[in-house]
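Below are the chains, spelled out letter by letter.
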Amino acid sequence: MKRMLISLAVLSVASLLIWEFRSSDRFTWPDSAHRRIEQMASVLRKIEGPARWCSPSRNTLNLVNKDLEIREQLSQCMSEISPAGSFEEVYPNDYIRRFYRASTGDKVCEVTLSTVFGNDRIVGSDCYYGIFYEIDDTGAGMTADPFG
């Protein structure tokens, strides 16, 4: 009986440690952030447009803010987004982002996807998008709005 109780206690502690490891990003950061961002980009490509958890960038050159008819071109463009660079750990162990871009005709669309780490897990994600005339394109970062 004593061995069974000790075995049960050891098993309980081991299960708790495994659960903590699997449910916490503490041990897998920044890879967990990279996976989250890639999953978000995959969703945007599949739905061919901004998700409800995305916001238009406040960049004054963003055509989404000026012309609602631009959304059809934005949908086509977002279905083709690909990474425009590597992951940027803006604040080490706290905030990671990546820009995704594509072009359609005379326009370029861009999406910024980011995650924030806190309390040993990812506590938030952001998505900002925009479509710009190619002539106004200054490169990756046109949708780099502040987090939140």
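Please refer to the structure placed before this passage.
How each quantity is defined
- Residues numbered from 1 in each chain as written.
- Predicted model: local features only at pLDDT ≥ 70, side-chain atom pairs only at ≥ 80, totals over all residues.
- Heavy atoms only, no water.
- Phe/Tyr/Trp six-rings, centres within 6.5 Å; stacked < 30°, edge-to-face > 60°.
- Buried < 20%, exposed > 50% of the residue type's maximum accessible area, 1.4 Å probe, protein only.
- Lys NZ or Arg CZ within 6 Å of the ring centre and 35° of its normal.
- Helix = DSSP H or I, 4+ residues; strand = E, 2+ residues; numbered from the N terminus.

J.: Would you explain the packing of aromatic side chains in this entry?
T.: Think of a pair of aromatic rings as described by two things: how far the centres are apart, and how the planes are tilted against each other in angle. Following the criterion strictly, the structure yields one aromatic pair and no others. Judged by centre distance (5.9 Å) and plane angle (45°), the ring pair of Tyr91 and Tyr95 falls under tilted. Overall, Tyr95 belongs to the buried group, its relative accessible area being 7%. For the cation-ring pair, Arg98 lies above Phe87, with the distance from its terminal atom to the ring centre recorded as 4.1 Å.

J.: What is the right way to read the environment of Phe117 from this model?
T.: Turning to its location among the elements, Phe117 is positioned in strand E5 (residues 107–118). Sequence separation between Phe117 and Asn93 is 24 residues; the distance between their C-alpha atoms is 6.8 Å.

J.: Hey, could you run me through unusual backbone geometry in this one?
T.: The general pattern is negative phi for most residues beyond glycine and trans for most peptide bonds. Positioned with a positive phi, Glu48 is a non-glycine residue whose angle comes to about 55°. With respect to the secondary-structure elements, Glu48 resides in the loop between helix H2 (31–47) and strand E1 (55–56).

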